[in-house]
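Each chain is listed here by its residues.
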Amino acid sequence: MKILVTGAKGFIGKNLIIELKNQNYTDIYEYDIDSSLEDLDNYAKDCEFVFHLAGVNRPKDPKEFLEGNFGFTSILLEKLKKYKNTCTIMISSSIQALLDNPYGVSKKAGEDLMFEYSNETGAKVLVYRFENVFGKWCRPNYNSAVATFSYNIANDLPITLNDPNVVMKLIYIDDVVEELIEAIKGNPNINDMFCHVEPVHTVKLGQIVDLLYSFKNSRENCSIPNTENSFTKKLYANYLSYLPIDKFSYGLKMNIDHRGSFTEFIKTPDRGQVSINISKPRIVKGNHWHHTKNEKFLVVSGKGVIRFRKIDETETIEYNVSGDILQVVDIPPGYTHNIENLGDNDMVTIMWANEKYDPEKPDTFFEEV
């Protein structure tokens, strides 16, 4: 299928084109502000589907809204009519088409023009009234407040939050792209003449800012967000895309002594914590037990042995472990346990515990195996 995408270098256009290519759509005509009307004429001649994403968001002069959101749409439709090309055309409108402001008026005019074109030519039109779209490659200080706040917070810049109780309706770029690709397959989500992207996330602006700052602070407290919440998952992915290129990495606090080191990697309130344990050759670590806390050990480098003894019993149980054969060893409550490095090099063990370490309630009791 030959696909024309206007606004190809914009936020939605860029994400859409990359995913179209991922899904093996190869004949894509990319039209943007640096293209010529001759290009548009050639594309309109034989395209089989149009994603009309070009538009004006923040012009210097309000009259540019109509020129960009209505005028260019007129030119595009005239080109299609010139070649009697009645392929399906999708247009990106906005929920602001319901409002009496220059941007909303221009979007409503574009919608009306599209419906008139459909009645005149019989072409199928898909009018999408997008809510605020957020996600990777969204321009700060242009496309959305979410992009601006994400960029500023990730880059240690101040933000201005006038009213934290403002409620925003948001859709995520990957959900937008997924819906648009469904549209090209003939399965658009249509309701009352207009097409829609789901899900729509309704969130207060103050909550968004709080989440973004929690993402920033997560590096210091080794936490990760609860991605069971779909909006939090999407916002976190969005936030990471604004990190400065020289700040992708961050350090961890290593607790080092003569035995090796122990470093907390990730801590969560509901899924426990992951730590990295490095043991020097012939070193034994552990010799303690827990009432309720439980752990999983995975040796990824070196070789050693994990020993267990049930409290108030004498029998010792041993499990040989090695980075050559990855196997997880469960550490049940009620068993004192230790781990010894039997090799000549450092042994590295990934350790998961079902709860974050709480110094006020460590649930850890010394006893030799």
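Residues numbered from 1 in each chain as written. Predicted model: local features only at pLDDT ≥ 70, side-chain atom pairs only at ≥ 80, totals over all residues. Heavy atoms only, no water.

A. Quick peek at the nonpolar core. Counting residues in each nonpolar core, the largest one holds 50 residues, and the members touching the most others are Phe 51, Phe 130 and Ile 208. When residues in this core are grouped by element, the largest group, seven residues, is from helix H6 (residues 173-184). Setting aside anything within four residues of it in sequence, one finds Ile 208 in contact with Val 146, Met 168, Leu 170, Val 203, Phe 231 and Leu 235. With 24 residues, the next largest nonpolar core counts Tyr 31, Ile 89, Tyr 117 and Ala 123 among its residues. (Core = buried A, V, L, I, M, F, W, Y, C linked by side-chain atoms within 4.5 Å. Buried < 20%, exposed > 50% of the residue type's maximum accessible area, 1.4 Å probe, protein only. Helix = DSSP H or I, 4+ residues; strand = E, 2+ residues; numbered from the N terminus. Contact = heavy atoms within 4.5 Å.)

B. Representation of the pattern of salt bridges. Inspection of the entire model under this criterion finds 22 salt bridges. The partner of Lys 9 in a salt bridge is Asp 34, and the shortest N-O contact between them spans 2.4 Å. Separated by 25 residues along the polypeptide, Lys 9 in the loop between strand S1 (3-6) and helix H1 (11-22) and Asp 34 in the loop between strand S2 (28-31) and helix H2 (37-46) bring together distant segments of the chain. Accessibility classification places Lys 9 together with Asp 34 in one group, the exposed group. In this structure, Glu 340 and Arg 307 form a salt bridge, with 2.7 Å as the shortest nitrogen-oxygen distance. With Glu 340 in strand S19 (residues 335-341) and Arg 307 in strand S16 (residues 303-310), this pair connects stretches of sequence that are 33 residues apart. Classification of Glu 340 by relative accessible area gives buried; the value is 16%. (Salt bridge = Lys/Arg side-chain N within 4 Å of Asp/Glu carboxyl O.)

C. Quick peek at the state of the cysteines. Applying the stated rule across the entire model yields zero disulfides. Here Cys 47 is not cross-linked by a disulfide; its sulfur's nearest cysteine counterpart is in Cys 87, at 4.0 Å. (Disulfide = S-S within 2.5 Å.)

D. Seen up close, the side chain of Thr 263. With respect to the secondary-structure elements, Thr 263 resides in strand S12 (residues 260-268). Residues within four places of Thr 263 in sequence aside, it is in contact with Leu 252, Lys 253, Met 254, Asn 255, Ser 275 and Ile 276.

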